[in-house]
Amino acid sequence: MRLDKYLKVSRIVKRRTVANELCDAKRVQVNGRAARASYAVQVGDEITITGANEMRVRVISISEHATKESAAGMFEAL
């Protein structure tokens, strides 16, 4: 799954266009490297989003669709 779509489906970011803009601005890193929106997310990846405050998460599962309750189970905060 693409990084921008994962951020939206897991509800880390509210909109996919916002996730895409964050990637373009190099504010999203995966495993310590700046990642493009097209990066293929895999289970175990560590995603860091920088901005006003920094957020670090580890990918636990990948799902094309997620409900509000199951979205929180797709990642763990670090």
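Residues numbered from 1 in each chain as written. Predicted model: local features only at pLDDT ≥ 70, side-chain atom pairs only at ≥ 80, totals over all residues. Heavy atoms only, no water.

Engineer: What am I meant to see in the pairing of strand β3 (residues 46-49) here?
Structural biologist: Bridging between strand β1 (residues 28-30) and β3 involves three bridges; their strand directions are antiparallel. In the sheet register, Val-30 faces β3, and the bridge partner there is Ile-47. The pairing of β3 with strand β4 (residues 55-59) spans four bridges and is classified as antiparallel. The residue bridging Glu-46 from the neighbouring strand is Arg-58, located in β4. The turn joining β3 and β4, which pair antiparallel and follow one another in sequence, is formed by five residues. (Pairing = 2+ DSSP bridges. Helix = DSSP H or I, 4+ residues; strand = E, 2+ residues; numbered from the N terminus.)

Engineer: I would appreciate a short explanation of the sheet that holds β4 in the present structure.
Structural biologist: Within the open sheet, the five strands sit side by side as β2-β1-β3-β4-β5. Their pairing is antiparallel. Only two strands of the sheet have a single neighbouring strand rather than two, namely β2 (33-34) and β5 (75-77). The sheet contact formed by β1 and β2 spans two bridges and is antiparallel. Bridging across to β2, Val-30 finds its partner in Arg-33.

Engineer: What is the right way to read the side chain of Ser-10 from this model?
Structural biologist: The residue Ser-10 is located in the loop between α1 (3-9) and α2 (16-24) in this model. A distance of 2.7 Å separates a polar atom in the side chain of Ser-10 from the backbone oxygen of Tyr-6. Beyond its immediate sequence surroundings of up to four residues, Ser-10 is in contact with Ala-71, Met-74 and Phe-75. (Polar contact = N/O pair within 3.5 Å; in protein donor to acceptor, adjacent residues only side chain to side chain. Contact = heavy atoms within 4.5 Å.)

Engineer: Quick question: what am I supposed to make of the environment of Val-18 here?
Structural biologist: Topologically, Val-18 is positioned in helix α2. Taking the C-alpha atoms as reference points, Val-18 and Gln-29, separated by eleven residues in sequence, lie 15 Å from one another.

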